[in-house]
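Structural characterization, general
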Amino acid sequence: MTPFIKRECGLAGVLCGLSLVLLGGLTGCAGEGDELQAWLEQQKREVKPSVQPLTPPKKFHPHPYAALQAVDPFSVQKLTVALKQEAHQPNSALASEMHRRKEPLESYPLDSMSMVGSVDKLGRRFALLKVDKLLYQVKVGDYMGQNYGRITKIDETQIVLREIVQDAAGEWIERPTTLQLQEPAR
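This section reports on the structure supplied with the text.

About the cut-offs
- Residues numbered from 1 in each chain as written.
- Predicted model: local features only at pLDDT ≥ 70, side-chain atom pairs only at ≥ 80, totals over all residues.
- Heavy atoms only, no water.
- Buried < 20%, exposed > 50% of the residue type's maximum accessible area, 1.4 Å probe, protein only.
- Helix = DSSP H or I, 4+ residues; strand = E, 2+ residues; numbered from the N terminus.
- Pairing = 2+ DSSP bridges.
- Core = buried A, V, L, I, M, F, W, Y, C linked by side-chain atoms within 4.5 Å.
- Contact = heavy atoms within 4.5 Å.
- Phe/Tyr/Trp six-rings, centres within 6.5 Å; stacked < 30°, edge-to-face > 60°.
- Lys NZ or Arg CZ within 6 Å of the ring centre and 35° of its normal.

Successive residues of a regular strand alternate their side chains across the two faces of the sheet. Here strand 6 (residues 158–166) lies mainly inside the structure; 8 of its 9 residues are buried. When strand 5 (residues 149–154) meets strand 6, the two strands line up antiparallel, connected through 4 bridges. Bridged to Arg-150 within strand 6 is Arg-162. In the sheet, strand 6 pairs with strand 7 (residues 172–180) via 9 bridges, with the strands oriented antiparallel. Bridge pairing in strand 7 places Glu-163 opposite Arg-175. If you look at the hairpin formed by strand 6 and strand 7, you'll find 5 residues sitting between the two strands, and Gly-170 has a positive phi there, around 90 degrees.

The next point concerns the sheet that holds strand 4 (residues 143–144). Spatial strand order, 4-5-6-7: 4 strands in an open sheet with antiparallel pairing. Single-partner strands in this sheet number two, and they are strand 4 and strand 7.

Within the largest apolar cluster, 14 residues are counted, with the highest numbers of intra-cluster contacts made by Leu-105, Met-113, Leu-129, Val-138, Met-144, Ile-151 and Ile-159. Taken together, the elements giving at least two residues each to this core come down to strand 1 (113–121), strand 2 (124–131), strand 5 and strand 6. No other element matches the 3 residues that strand 2 contributes to this core. Among all residues touching Leu-129, those that are not within four sequence positions of it are Leu-105, Met-113, Ser-114, Met-115, Leu-134, Leu-135, Tyr-136, Val-138, Met-144, Ile-159 and Leu-179. Listed in part, the 5 residues of the second largest apolar core include Leu-83, Tyr-148, Ile-164 and Trp-172.

A word on the packing of aromatic side chains. Throughout the structure, instances matching the rule amount to 0 aromatic pairs. In this structure, Arg-100 packs its charged tip against the face of Tyr-143, placed 3.4 Å from the ring centre. Lying over the aromatic face of Phe-126, Lys-121 brings its terminal NZ or CZ to 5.6 Å of the ring centre.

The structure is reproduced here in structure tokens:
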């Protein structure tokens, strides 16, 4: 025999011996599997589960909606009445605002407006506002925004206005607001 064939037979013999050892080990585990299965069956018989019974659900009693014929708390009519009552109070900040004619820029919210520049004419400063692709010229004293905003100051970079809003307690208060100059997108 050549050395190559001897080497092949030697390797085959080693592999055969190794496989016999593994096969013998596996057959030895088969008996332990029966014991394990018997132990599991015994544990299942001995353990009794303790399940507490569920409480029955509570009986649902529907209640009729009695406020169907009442005034809707979110109706425009109710809000209008409340605003008029508030305006008749002499110390209300809203009283003077309710009796004047609305200006065109009061129909737009402030966040839909952008200041695009300012111009000086005859010693007065005007701000240029862009709203819905239209350009408007405003001055100090003009109104804008939906919260009774009145312009108090205009400079090169911003418009300062006074708005009248309700606080958490429902009282009408004045609050300062600014509208900043918007840089053009490049």
